[in-house]
Amino acid sequence: MLNFTSVCKDYGSRRALDNLTFDIQAGEIYGLLGPNGSGKTTTINLICHLLEADQGSITLMNQPLSDKTKVWLGVAPQENLLYRSLSCQENLDFFGKIYGLGRKKCRERIDWCLDVVNLTNRAHSAVDTLSGGMQRRLNLAIALIHQPKLLILDEPTTGLDLETRHDLWQLIETLRAEGMTILLTTHLLDEAQRLCDRIGILKEGVLLQQGSLAELRQVIPAQEILLLKTPAEDQAIAQATRLGWQHRRYGQELVFWLPESLELREILALLDPIPVESISRQAIQLEHIYLELVQSKIQ
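Read on for an overview of the structure. (Residues numbered from 1 in each chain as written. Predicted model: local features only at pLDDT ≥ 70, side-chain atom pairs only at ≥ 80, totals over all residues. Heavy atoms only, no water.)

**Details of helix 8 (residues 233-243)**
Next, step 1: All of the buried residues along helix 8 are Ala236, Ile237, Gln239 and Ala240. End-on view of helix 8: buried residues confined to an arc of 165°, all on one side of the axis. Opposite the buried face of helix 8, by more than 90 degrees, sit the exposed residues Asp234 and Arg242.
Next, step 2: In the core, the buried residues of helix 8 are packed alongside strand 11 (224-229), strand 12 (246-250), strand 13 (253-258) and helix 9 (264-271).
Next, step 3: With its phi angle positive at about 85°, Gly244 sits one or two positions after the end of helix 8. (Buried < 20%, exposed > 50% of the residue type's maximum accessible area, 1.4 Å probe, protein only. Helix = DSSP H or I, 4+ residues; strand = E, 2+ residues; numbered from the N terminus. Arc of directions from axis to C-beta. Contact = heavy atoms within 4.5 Å.)

Okay, here's the thing in C-alpha cells:
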C-alpha cells in the first residue's frame with residue numbers, strides 16, 4: 001500500500017529523516033511512534049505531498065506521490081478541522097463537495113460516515129453543541145467521506161477521557177475489520193499496543209526498530225520484567241548482577257530483566273537478605289521496549 005525506501009529529508013543543516021525505509025500493508029494498522037522531533041510529522045507531510053523528499057522514493061499503491069495520490073488519503077489531524085457553526089451533516093457535505101463527490105454519492109457517504117462514527121442522531125447538531133469525543137469522531141468521519149485508501153490518524157485520542165478513548169479505539173478497530181489501511185501516530189503506548197498490527201519506532205529521523213509486538217519483544221533479552229522497591233537498591237543491583245540480571249530505571253522505578261520466569265518466592269529467596277518493600281512481575285510491554293530504544297540502551 002505505502003512504501004518508503006531510503007527516504008531522507010533535511011531542513012537546512014538538520015536531517016529530519018535519515019534513510020527511512022518502511023512499508024504499510026493493505027488492511028493493517030501501522031503505528032509510527034517516537035518522541036517529539038523524531039520525524040513523525042515530516043513523514044506525514046511527505047505522504048500528503050506537502051513536502052518533497054531530498055533522497056529516496058515513496059509510493060502509494062505503487063504510484064509515486066503526486067497531487068493525484070492525495071485523493072487516496074484521508075487525514076484526521078491532531079486539531080479538529082471542523083466548522084463549528086455548521087452541523088455534522090453540513091460539515092460532511094462541505095468536505096464531500098471539496099473532494100468532488102456528486103450529490104447522490106455525497107448523501108450516501110454522509111449517511112455511511114455518520115453511522116460508522118455513531119453520530120446519526122446528531123446529524124443536524126451544530127459542532128459547538130458536541131462533546132470533545134463527538135467532535136473527534138466527526139473529524140474522523142470527514143477523513144473518511146471520500147473513501148480513502150489510506151487513513152492517517154495523527155494522535156486521534158489525545159486529550160480525551162478514558163471512556164471516550166475506548167469508544168474511539170473500538171471505532172478504529174471496526175474500520176480495520178472493514179479493510180481500512182491505517183497509519184497511526186500516538187504518544188499513548190497502550191493505544192499503540194492495543195490497536196497496531198505493526199509498529200515502527202523513530203528517533204531523530206532514524207527508524208530504530210519495526211515489527212509486530214511479538215517481534216519487538218525480542219529487543220529485550222528477558223522473559224519478564226521485575227519491579228522492585230527496596231531501601232537497599234545498591235545491594236539489590238549488586239546481587240542481581242551476580243545473578244546475571246540486567247537492571248534499568250524507568251523514571252523512579254528500579255526494574256530487572258529476568259532471563260527466565262520465576263515464582264515470587266524463588267525471586268525473594270535469590271534476593272535474600274535484601275529488604276523488600278514491594279515486588280511484582282510483569283510481561284514485557286511496549287513501554288519497556290520503547291524506553292529501551294529511545295533511551296539508546298540498544299540499537
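**Thoughts on the sheet that holds strand 6 (residues 73-76)**
Within a sheet, each strand pairs with its neighbour through backbone hydrogen bonds, oriented either parallel or antiparallel.
Next, step 1: Ordered in space as 6-7-8-3-9-10, the six strands form an open sheet in which the pairing is mixed. The open sheet has two edge strands, strand 6 and strand 10 (206-211), and neither has a second partner. Between one strand and the next, the sheet's axes are offset by a mean angle of 15°, whatever the strand orientation.
Next, step 2: Pairing geometry for strand 6 and strand 7 (residues 150-154), over four bridges, is parallel. The residue of strand 7 that forms the bridge with Ala76 is Leu153.
Next, step 3: Of the strands in this sheet, strand 3 (29-33), strand 6, strand 7, strand 8 (181-185) and strand 9 (198-203) touch helix 1 (residues 40-47), which is tilted by about 150° from strand 7. (Pairing = 2+ DSSP bridges. Axes fitted to C-alpha atoms, helices over the stretch in contact; angles between N-to-C directions.)

**A few points about empty space enclosed by the protein**
Next, step 1: Under the counting rule described, the total for this entry stands at one cavity of 30 Å³ or more.
Next, step 2: Roughly 30 Å³ of volume is contained in the largest cavity.
Next, step 3: Forming the walls of the largest cavity are Ala76, Arg136, Asn139, Leu140, Leu153, Pro156 and Leu168.
Next, step 4: Per element, the largest residue contribution to the lining of the largest cavity is three residues, and it comes from helix 4 (residues 132-144).
Next, step 5: Classifying every residue of the lining of the largest cavity gives five nonpolar, one polar and one charged. (1 Å grid on protein atoms, 1.4 Å probe; cavity = no way out; pocket = protein on both sides within 12 Å on 5 of 7 lines; lining within 4 Å. Points joined across faces, edges and corners; volume = space filled by probe spheres on them. Nonpolar A, V, L, I, M, F, W, Y, C, P; charged D, E, K, R; others polar.)

**A few points about the packing of helix 4 against helix 5 (residues 162-177)**
Next, step 1: Close contact between helix 4 and helix 5 brings their axes to 10 Å; oriented N to C, the two are set at 20°. Between helix 4 and helix 5, the angle is such that the two are roughly parallel. The chirality of how helix 4 crosses helix 5 is right-handed. From helix 4, Gly133, Arg136, Arg137, Leu140 and Leu144 reach across to helix 5, where they touch Thr164, Leu168, Leu171 and Leu175. (Parallel < 35°, antiparallel > 145°, perpendicular 65-115°, else oblique. Left-handed = near helix turned anticlockwise from the far one by under 90°.)

**Points about the nonpolar core**
Next, step 1: Formed by 60 residues in total, the largest nonpolar core has its most connected members in Leu92, Leu138, Leu151 and Leu175.
Next, step 2: Element by element, the count of residues in this core is highest for helix 4, at seven residues.
Next, step 3: Among all residues touching Leu175, those that are not within four sequence positions of it are Trp112, Val116, Leu140, Leu144, Leu151, Met180 and Ile182.
Next, step 4: Counting 23 residues, the second largest nonpolar core, distinct from the first, contains Leu2, Leu32, Leu60 and Ile152. (Core = buried A, V, L, I, M, F, W, Y, C linked by side-chain atoms within 4.5 Å.)

**With respect to the environment of Gln246**
Next, step 1: Turning to its location among the elements, Gln246 is positioned in strand 12.
Next, step 2: Between the C-alpha atom of Gln246 and that of Phe256, which follows or precedes it by ten residues, the distance is 5.6 Å.
Next, step 3: Apart from residues no more than four positions distant in its own chain, Gln246 is found in contact with Pro221, Val255, Phe256 and Trp257.
Next, step 4: Polar contacts involving the side chain of Gln246 include one to the side chain of Arg248, which spans 3.4 Å. (Polar contact = N/O pair within 3.5 Å; in protein donor to acceptor, adjacent residues only side chain to side chain.)

That's the geometry; what it means functionally is another story.
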